[in-house]
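So you can see what is in the structure, the chains are spelled out below.
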Amino acid sequence: QVQLVESGGGLVQPGGSLRLSCAASGISFSLYRMGWYRRPPGKQRELVAEITSAGSTNYPDSVKGRFTISRDNAKNLVYLQMNSLKPEDTAVYYCNGKLAVGNYWGQGTQVTVSS
């Protein structure tokens, strides 16, 4: 059974930082492209960051320079370090694991950026 479980969300003030974690089980984690997506209130889900099995990363302009994705293949974990958070970063953040044989999602963790 495949499981992706996010943790680390919460309430943070503008300019603050959070680190999200995603624990994966039931997949050959090191082979998967892992990603973080988010769904802001009233909007569609969008890509935040992704990292390939080789460690290459990709970010949209909206978070480039502020967010960093990383992975620990020994522990089946993927992280999202979020710095200089803005109110527009408020969203439910989802972990994603993608390979030709499957595309899996976590249940999401809420991040709220507000003073």
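Predicted model only: the values in this text are computed from it and were never measured.

### Quick look at the nonpolar core
Of all hydrophobic cores here, the largest spans 27 residues; its most connected members are Trp 36, Val 78, Leu 80, Met 82 and Tyr 93. Where this core is concerned, the elements lending two or more residues are strand E3 (18-25), strand E4 (33-39), strand E5 (46-51), strand E7 (67-72), strand E8 (77-82), strand E9 (91-99) and strand E11 (109-113). Examining the composition of this core, we find that four residues originate from one element, E3, more than from any other.

### Some thoughts on the sheet that holds E7
Sheets are built from strands paired through backbone hydrogen bonds, the pairs being either parallel or antiparallel. As summarised here, the arrangement of the four strands in space is E1-E3-E8-E7, forming an open sheet in which the pairing is antiparallel. Strands at the two margins of the open sheet, each flanked by one partner only, are strand E1 (3-7) and E7. Strand-to-strand twist across the sheet, computed as the mean angle between neighbouring axes with direction ignored, equals 15 degrees.

### Structural notes on unusual backbone geometry
Among all residues save glycine, negative phi is the norm, and among peptide bonds the norm is trans. Although it is not a glycine, Asn 76 sits at a positive phi angle of roughly 55 degrees. Mapped onto the fold, Asn 76 is located in the loop between E7 and E8. Look at Asn 76 and you get partly exposed, because its relative accessible area is 23%. One non-glycine residue, Ser 84, lies in positive phi territory at about 50 degrees. Relative to the helices and strands, Ser 84 is located in the loop between E8 and E9.

### Topic: the packing of aromatic side chains
Counted according to the given criterion, the structure contains two aromatic pairs. Here the aromatic rings of Tyr 37 and Trp 105 are separated by 5.0 Å at their centres, their planes lie at 70 degrees, and the arrangement is edge-to-face. You can see Tyr 37 sitting in strand E4 and its partner Trp 105 sitting in strand E10 (residues 102-105), a full 68 residues away along the chain. Among the residues examined, Trp 105 registers a relative accessible area of 31% and is labelled partly exposed. Positioned over the ring face of Tyr 94 is Arg 45, at 5.4 Å from the centre of the ring. Above the ring of Trp 105, the side-chain terminus of Arg 45 is found at 3.7 Å from the ring centroid.

Reading the values: rules and limits
- Residues numbered from 1 in each chain as written.
- Predicted model: local features only at pLDDT ≥ 70, side-chain atom pairs only at ≥ 80, totals over all residues.
- Heavy atoms only, no water.
- Core = buried A, V, L, I, M, F, W, Y, C linked by side-chain atoms within 4.5 Å.
- Buried < 20%, exposed > 50% of the residue type's maximum accessible area, 1.4 Å probe, protein only.
- Helix = DSSP H or I, 4+ residues; strand = E, 2+ residues; numbered from the N terminus.
- Pairing = 2+ DSSP bridges.
- Axes fitted to C-alpha atoms, helices over the stretch in contact; angles between N-to-C directions.
- Phe/Tyr/Trp six-rings, centres within 6.5 Å; stacked < 30°, edge-to-face > 60°.
- Lys NZ or Arg CZ within 6 Å of the ring centre and 35° of its normal.

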